[in-house]
Amino acid sequence: MGLVYALGAYLSWGLVVPVHFRLLSGFSPSHILAVRILWSCLFAILLVLAWRRRVRSPFPLRPRHGLLVVSAGLIGVNWLLYLQAVNGGHLLDASLGYYINPLVSVALGAAVLGERLRPLQLGAVAIAAAGVALAVAWAGALPVVAFELAVSFALYGLVRKVVGIDPAVGFLAETLILTPAALVWVLLAPESALPSDPRDFILLALTGVTTALPLIWFAAAAERLRLATLGLLQYLAPTCLLGLSVFAYGEHVAPHAIAMFGLIWLALALYAFDLLRAGRSLRADPAPGRTTAPGPGMRV
């Protein structure tokens, strides 16, 4: 079942969520974000109430829990950037951003948390950076949207790692923090949060479900699968996004983007190989008391 849960989460992020938001293209990204926050908050409350016996209590509160304000801001920015990319016809940039994200997380872990990078990880980061530098030199422009998505989500993952709180409680706290701003937007915006068209109403209400369900499935998969397996499967989402952008929505892949994607895929292949090799080493020599740290770039 672990593989089924993982496939459900990553295929939702790569196929269902972008198509869902594309169907809402008649609304502005800011309005979709505000409504998404409100419905996600309601869904998170119901989820925590239903799982109250499984959820780890955050009490007593620690100073580090205050960082949830930062993580809420980061995930809000990431959601808005993603919506702008999807509804603006830039799925290719969104795909690139989530390909780069694990490598940005690796670099942040080394720079902020002092995590040691293995030689192949260093090589992967260097190759990915070379791919981006080549694309910038070739096209004369930085893939800003992709970088903003990758950096915002990598920073979000870093903050959530430092906070160390139950995923369901953390998600509820973040949506509660964002709810006042979302309510102000919904009340002042000309667009209605409760549209008269039943189709639009249902699509807006389902944003809470398509936000929370993949997170639930991911948590279920994380309990059942090895971290290395979960880490490799995460590339399904940006691969599906790439396929959607080219084959479903007709986005053009420029030559410099092909070169950049090629180098990033090479970097990810090295990264995946390093994960598999590390997993085999752990199974072959299980040291007493050894625990496996969360992999970089994993969704929280």
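Residues numbered from 1 in each chain as written. Predicted model: local features only at pLDDT ≥ 70, side-chain atom pairs only at ≥ 80, totals over all residues. Heavy atoms only, no water.

Q: Which residues make up the packing of helix H3 (residues 68-87) against helix H7 (residues 167-188), and what values go with them?
A: Direction vectors running N to C along H3 and H7 enclose 75°, while the axes themselves pass 9 Å from each other. In terms of orientation, H3 and H7 fall into the roughly perpendicular class. Mapping the contact onto sequence places Leu68, Val69, Ser71, Ala72, Ile75, Gly76 and Trp79 in H3 and Gly170, Phe171, Ala173, Glu174, Ile177 and Leu178 in H7. Within the contact of H3 with H7, the residues separate by chemical class into nine nonpolar, three polar and one charged. (Axes fitted to C-alpha atoms, helices over the stretch in contact; angles between N-to-C directions. Helix = DSSP H or I, 4+ residues; strand = E, 2+ residues; numbered from the N terminus. Parallel < 35°, antiparallel > 145°, perpendicular 65-115°, else oblique. Contact = heavy atoms within 4.5 Å. Nonpolar A, V, L, I, M, F, W, Y, C, P; charged D, E, K, R; others polar.)

Q: Outline the side chain of His20, listing residues and values.
A: Counting through the fold element by element, His20 comes out in helix H1 (residues 2-23). At 3.2 Å, the side chain of His20 forms a polar contact with the side chain of Thr210. Beyond its immediate sequence surroundings of up to four residues, His20 is in contact with Leu203, Leu206, Thr207 and Thr210. (Polar contact = N/O pair within 3.5 Å; in protein donor to acceptor, adjacent residues only side chain to side chain.)

Q: Kindly report on the nonpolar core, identifying the contributing residues and their values.
A: In this structure, Trp13, Phe21, Leu24 and Tyr82 are the most contacted members of the largest nonpolar core, which totals 55 residues. Elements that contribute at least two residues to this core include exactly H1, helix H2 (29-50), H3, helix H4 (91-112), helix H6 (144-163), H7, helix H8 (198-224) and helix H10 (236-248). If one sorts the elements of this core by residue count, H3 sits on top with 10 residues. When sequence neighbours within four positions are dropped, the list of residues in contact with Tyr82 reads Trp13, Val17, Pro18, Phe21, Ala94, Tyr98, Leu149 and Leu241. With 25 residues, the next largest nonpolar core counts Leu92, Val106, Phe261 and Ala267 among its residues. (Core = buried A, V, L, I, M, F, W, Y, C linked by side-chain atoms within 4.5 Å. Buried < 20%, exposed > 50% of the residue type's maximum accessible area, 1.4 Å probe, protein only.)

Q: Break down the packing of aromatic side chains for me, with residues and values.
A: The geometry of an aromatic ring pair is captured by the separation of the ring centres together with the interplanar angle, meaning the angle of the planes. Scanning the model with the defined rule gives seven aromatic pairs in all. With centroids separated by 6.2 Å and ring planes inclined at 80°, the aromatic side chains of Tyr98 and Phe153 adopt a geometry described as edge-to-face. Separated by 55 residues along the polypeptide, Tyr98 in helix H4 and Phe153 in helix H6 bring together distant segments of the chain. Taking the relative accessible area as the measure of exposure, Tyr98 reaches 9% and is therefore buried. The class for Phe153 is buried, based on a relative accessible area of 7%. Measuring from ring centre to ring centre gives 6.2 Å for Tyr99 and Trp265, while their planes differ by 85°; the resulting arrangement is edge-to-face. Here Tyr99 is found in helix H4, whereas its partner Trp265 is found in helix H11 (residues 255-284), with 166 residues between them in sequence. With a relative accessible area of 2%, Tyr99 lands in the buried category. Among the aromatic side chains, those forming a connected cluster through ring pairs are Phe21, Tyr82, Tyr98, Phe153 and Tyr156. The residue whose ring lies beneath Arg22 is Tyr249, and the NZ or CZ to ring-centre distance is 4.0 Å. When the ring centre of Trp79 is taken as reference, the NZ or CZ atom of Arg36 above it lies at 4.3 Å. (Phe/Tyr/Trp six-rings, centres within 6.5 Å; stacked < 30°, edge-to-face > 60°. Lys NZ or Arg CZ within 6 Å of the ring centre and 35° of its normal.)

Q: Can you explain the pattern of salt bridges? Please cite residues and give values.
A: Under the counting rule described, the total for this entry stands at three salt bridges. Among the salt bridges present, the one from Asp200 reaches Arg199, with a minimum N-O distance of 3.1 Å. Exposure remark for Asp200: the relative accessible area of 17% places this residue in the buried category. Look at Arg199 and you get partly exposed, because its relative accessible area is 43%. (Salt bridge = Lys/Arg side-chain N within 4 Å of Asp/Glu carboxyl O.)

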